[in-house]
Amino acid sequence: MRLRAMRTGIRYASRKVSPALPVRTLILLVGLVLAVSIMMWSLHTVHHNDVYLNPHRLEAREGVDAGSSKVNGGSNSAGFGSSITSTSNGADGAAVSTSITTDSSSGGGSTIVGASLDQCHVDENNEYHGSVVVWGDKNMKASLAECCESCAATSGCNIWVYCGRQEGCGYTQPLRPKGECWLKKNTLSYVMSNYGQGHSGITWTAGALYSAAEYDNYVKERDIALKAELDRLRTLREDPELPLVWMDVSLNGTLLGRIEMVLFVKDAPRAAENMRLLCSGELGASPTGQRYHLKGSYFYRIIDRFIDQTGAAADGIFGGEFHDDPGGLMLKHTHKGLLSMANGGPNTNGGHFSLIMGPAHHLDGSYTIFGEIVSGLEYAESINSLAKGQRNNELLQSRLAQIVDAGQSRPGSIVGTMEFRAVIEAEKRRVEWRRSHAMEINRLRNLFQDQSLPLVYLDVAIRGLYAGRIEMVLFIKEAPRAAESFRLLCTGEAGVAPDGHEGAGKPYHFKGAYFYRIIDQFIDQTGAETDSPLGGYFLDDAGGLKLNHTHMGLLSMANRGPNTNGAHFSLIMGPAHHLDGSYTIFGEIVDGHNVAYEINALTKGEPNHEHSGSKDAQIVDSGELRRGTHWQTEAFQSVIAAERARIRESRTMGLLSR
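Residues numbered from 1 in each chain as written. Predicted model: local features only at pLDDT ≥ 70, side-chain atom pairs only at ≥ 80, totals over all residues. Heavy atoms only, no water.

*Asks:* Whenever I open this one, the overall build of the chain confuses me. Can you help?
*Replies:* Along the backbone of the chain there are 14 helices and 25 strands. If you take every contact in the chain between residues at least 6 apart in sequence, the share linking residues at least 24 apart comes to 72%. Counting only carbon and sulfur atoms, one obtains 54% of the accessible surface of the chain, whose full area is about 29,200 Å². (Helix = DSSP H or I, 4+ residues; strand = E, 2+ residues; numbered from the N terminus. Contact = heavy atoms within 4.5 Å. Areas by Shrake-Rupley, 256 points an atom, 1.4 Å probe, with all protein chains shown as cover.)

Have a look at this one:
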């Protein structure tokens, strides 16, 4: 695309215009040349800030540019294809002969001077990253050659970056001074993947130190890895259980080709189904007329070696922001080609996503991975190259790259299973409930985001099918004993009840527990078949007794009287003020209210509006999403330690029954 634009500019710039041409034609020609020139300038504006790319960033930006050393008989810059030869004392005092070579035609290779010599390969206008061995401001050098010598003589160093510009390098103010020589360590694979990836906006020069033998070994390992990767992608593409979808993409109006993607419906069912339907377009349009289809969408945010981001006009298939997939959050952003949801925070997924264009571990745990490119990665790379040389290596709100069509080659057998459909339908009900309670959601969101409080969950099945996840914040400030007991029963970290305790040998864990007492618009009650993991019956929390049973969603301890709290509790399903002062409130549901209502709906048509003793509703898993900062405080820990000690003493004295 850029080459075509350049040729157009040359053609019009070199054309001789006859004096007989009308003035209007001259104006049109000049205007066209100016337009092309402006376009080329905008495409090649150069600034650099790779904040998204590098987990080993320096506190101050490093950099390198051509040094003042003599290169190739007198040139003062080490260009591609150039070499520098110098001698210095190594770490052991012996003379080290260093030959610096650059060869843009070899993809990072070099002209080997001798089998025993290390080769220091120069990469102009680039900046290599890795673990810092020696900081640049502590290692000032007079020339690029001296910087390379310094790396060769320093244990652990195999890459370096050098500033040879008189005015300085980098993007900080003030600039890093001329002569800074940063010594670092990284893999040869990293060097090869980044060689030649710089641009004129990078004011540093990078280099790598490796031998011919190391390079040959790298090539062998690379070829083996490439074959293994091709086999892996082929197997993934042919997996009949997983959906196979595609996007046809264009660049500046010219078709590039087809990107095929497999969707991880096992790990990320919500995000994967969202993507599948946005590719197929089978849902048509939203009530507001927006199409549930990626066709026509542009890649509106492209960041060099980080992401190609796009999305549909309709913001997702669920009618609102949908929940993160726990399995998708557990997957890591390890390599290019992965599909990752875009979001505005936890559980705010919609119709937008990114093609990951390089390792991005800072996204791990916050953005759902839901698929992978299995063919056509080169087209995603072509799109990504648009960002190179742009301000901050980022191209925003551009219409250069577009999805001209999208579709589905295979739905995948898992999509049709009852279990998968149950997850999708449960998410639709969740979104609908939250949409219809918008006023309440703001308060719940603030509670959800309170980092001082623990956040735990229950995954629930009703009559064998997944019904959804209930997420709860625990009030450890008002009710520390009840909250900690509940947290331990969610995580299962306390192990099993010891001999002499209620439920001896059974796990201190809610997983597998049934909602055994359900009363219409009153409670959904459940618990573990043990005593409390605190050691036995624990005291009422005075602060929790002061809280009132004012509304649906509160968590309330079950007991047999004052100070007889154990492993059982109720989800409060409506105002229940007759419980005030007698039952400890210790938390609240912040997400998944619809699941609690669906459990409670089992009472419909039952005698006395009560559904008791059944196994229709079960906790199929439970766990912790956040420990909360208050949990670590001395005030909280001292209360728990004192309660554990009190329970042990009471058991010793025989005051606690099994």
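*Asks:* What exactly am I supposed to notice about the nonpolar core here?
*Replies:* In globular proteins that are soluble, nonpolar side chains generally tend to be buried together. By size, the foremost hydrophobic cluster in this structure holds 62 residues, and its most contacted members are Ile-470, Phe-486, Phe-510, Leu-571, Phe-586 and Ile-599. Looking at this core element by element, the count peaks at six residues for helix α11 (residues 480-491). With near-sequence residues (within four places) excluded, Ile-470 lies in contact with Val-456, Tyr-457, Leu-458, Val-460, Leu-571, Ile-589, Asp-591, Gly-592, Val-595, Ala-596 and Ile-599. In terms of nonpolar packing, the next biggest core, distinct from the first, is built from 60 residues, Val-249, Met-341, Leu-355 and Leu-386 among them. (Core = buried A, V, L, I, M, F, W, Y, C linked by side-chain atoms within 4.5 Å. Buried < 20%, exposed > 50% of the residue type's maximum accessible area, 1.4 Å probe, protein only.)

*Asks:* Is there a simple way to explain unusual backbone geometry in this structure?
*Replies:* Most of the time, phi is negative for any residue but glycine, and the peptide bond is trans. The peptide bond linking Gln-173 to Pro-174 adopts the cis configuration, its omega dihedral lying at 0°. Checked against the element boundaries, Pro-174 lands in the loop between β5 (159-162) and β6 (181-185). One non-glycine residue, His-609, lies in the positive phi region at around 55°. You can see His-609 is positioned in the loop between α13 (593-600) and β24 (610-612). Classification of His-609 by relative accessible area gives partly exposed; the value is 47%.

*Asks:* I tried to follow the sheet that holds strand β8 (residues 244-251) on my own but got confused; where do I start?
*Replies:* Strand pairing in a sheet is mediated by backbone hydrogen bonds. Such pairs are either parallel or antiparallel. Within the open sheet, the nine strands sit side by side as β15-β10-β11-β13-β12-β14-β9-β8-β16. Their pairing is antiparallel. With one partner strand each, in any of the chains shown, β15 (394-396) and β16 (401-410) form the two edges of the open sheet. Here the strands of the sheet are splayed against their neighbours by 25° on average, with no regard to which way each runs. Alignment of strand β9 (residues 254-263) against strand β14 (residues 369-375), held across four bridges, turns out to be antiparallel. Along β14, the bridge assignment pairs Met-261 with Ile-373. Along the sheet face, helix α6 (residues 269-280) touches β8, β9, β12 (338-341), β13 (352-356), β14 and β16 and points at about 105° away from the line of β16. Most of the contacts of helix α8 (residues 377-384) go to β9, to which it runs at about 120°, and overall it touches β8, β9, β10 (301-303), β11 (307-311), β13, β14 and β16. (Pairing = 2+ DSSP bridges. Axes fitted to C-alpha atoms, helices over the stretch in contact; angles between N-to-C directions.)

*Asks:* What exactly am I supposed to notice about the state of the cysteines here?
*Replies:* Taken as a whole and assessed by the stated rule, the structure comprises four disulfides. The disulfide bridge from Cys-163 ends at Cys-169, spanning 2.1 Å between sulfur atoms. Note on the Cys-163 and Cys-169 pair: the S-S dihedral is about 90°, so by sign convention the disulfide is right-handed. Summarising the burial analysis for this pair, Cys-163 and Cys-169 share the class buried. (Disulfide = S-S within 2.5 Å.)

*Asks:* Looking at this structure, I do not really get the packing of α6 against helix α9 (residues 418-436). What am I missing?
*Replies:* How two helices sit against one another is set out by the angle between their axes and by the gap between those axes. Packing of α6 against α9 brings their axes to within 10 Å, and their N-to-C directions diverge by 85°. Classed by the angle they form, the pair α6 and α9 counts as roughly perpendicular. In this structure, α6 uses Pro-269, Arg-270 and Glu-273 to contact α9, whose residues at the interface are Phe-420, Arg-421, Val-423, Ile-424 and Glu-427. (Parallel < 35°, antiparallel > 145°, perpendicular 65-115°, else oblique.)

*Asks:* Got a minute to help me understand the sheet that holds strand β20 (residues 523-527) in this structure?
*Replies:* Overall, antiparallel pairing links the nine strands, which are arranged β24-β19-β20-β22-β21-β23-β18-β17-β25 in an open sheet. Both edges of this open sheet fall to β24 and β25 (617-626), since each of them pairs with a single strand only. Direction aside, neighbouring strands of the sheet carry axes that sit 25° apart on average. Bridge count for strand β19 (residues 517-519) against β24 is three bridges, and the pairing is antiparallel. If you follow Arg-517 over to β24, its bridge partner there is Ser-612. Along the sheet, α9 contacts β18 (465-474) and β23 (585-591); its crossing angle with β18, the most-contacted strand, is approximately 45°.

*Asks:* Honestly, the pattern of salt bridges in this entry has me stumped. Any pointers?
*Replies:* Any two side chains of opposite charge can pair if their charged atoms end up close together. Under the defined criterion, the tally for this structure stands at 40 salt bridges. Put simply, Arg-237 and Glu-260 hold a salt bridge, and the shortest N to O gap is 2.8 Å. Of this pair, Arg-237 sits in helix α5 (residues 212-237) while Glu-260 sits in strand β9, and the two are 23 residues apart along the sequence. With relative accessibility at 31%, the residue Arg-237 sits in the partly exposed group. (Salt bridge = Lys/Arg side-chain N within 4 Å of Asp/Glu carboxyl O.)

*Asks:* Any chance you could explain the packing of aromatic side chains here in plain terms?
*Replies:* Where two aromatic rings form a pair, the distance of their centres and the angle of their planes describe that pair. All chains considered together, the criterion is met by twelve aromatic pairs. For the pair Phe-318 and Phe-322, a centre-to-centre distance of 5.0 Å together with 50° between the ring planes defines the contact as tilted. For Phe-322, a relative accessible area of 0% gives the class buried. Judged by centre distance (5.1 Å) and plane angle (55°), the ring pair of Phe-486 and Phe-586 falls under tilted. Here the residue Phe-486 occupies a position in helix α11, and Phe-586 occupies one in strand β23, the gap between them amounting to 100 residues. Counting every residue linked through ring pairs, the aromatic cluster contains Phe-486, Phe-510, Phe-569 and Phe-586. Sitting above the plane of the Trp-246 ring, Arg-258 keeps its charged end 3.6 Å from the centroid. Above the plane of the ring of Tyr-457 lies Arg-469, whose end atom (NZ or CZ) is 3.6 Å from the centre. (Phe/Tyr/Trp six-rings, centres within 6.5 Å; stacked < 30°, edge-to-face > 60°. Lys NZ or Arg CZ within 6 Å of the ring centre and 35° of its normal.)

*Asks:* Please clarify how the environment of Ile-307 should be interpreted in this entry.
*Replies:* Relative to the helices and strands, Ile-307 resides in strand β11. The spatial distance from the C-alpha of Ile-307 to the C-alpha of Met-357 is 5.2 Å, given a sequence separation of 50 residues. Residue contacts for Ile-307: discarding those within four places in its chain leaves Arg-301, Ile-302, Ser-354, Leu-355, Ile-356, Met-357 and Asn-384.

*Asks:* I keep staring at the side chain of Asn-126 and nothing clicks. Help me out?
*Replies:* If you trace the backbone, Asn-126 turns up in the loop between β3 (119-124) and β4 (131-134). There is a polar contact of 2.9 Å between the side chain of Asn-126 and the backbone oxygen of Asn-194. (Polar contact = N/O pair within 3.5 Å; in protein donor to acceptor, adjacent residues only side chain to side chain.)

*Asks:* Explanation requested: the pairing of β9 in the structure shown.
*Replies:* Regular strands show a simple pattern: their side chains alternate between the two faces of the sheet. Of the strand pairs in this sheet, β8 and β9 are connected by eight bridges, and their pairing is antiparallel. By the bridge assignment, Trp-246 is partnered in β9 with Glu-260. The turn joining β8 and β9, which pair antiparallel and follow one another in sequence, is formed by two residues; a positive phi near 55° is taken by Asn-252.

*Asks:* Sorry, what's going on with the packing of α9 against α13 here?
*Replies:* Look at α9 against α13: their axes get within 8 Å of each other, and the N-to-C directions meet at 110°. As summarised for this structure, α9 and α13 are arranged roughly perpendicular, according to the angle between their axes. Contact with α9, carried on its side by Ala-426, Arg-429, Arg-430 and Trp-433, involves His-593, Asn-594, Tyr-597 and Glu-598 of α13 and no other residues of that element. Taken together, the residues of the contact of α9 with α13 sort by class into three nonpolar, two polar and three charged. (Nonpolar A, V, L, I, M, F, W, Y, C, P; charged D, E, K, R; others polar.)

The analysis is restricted to geometry; functional conclusions fall outside its scope.
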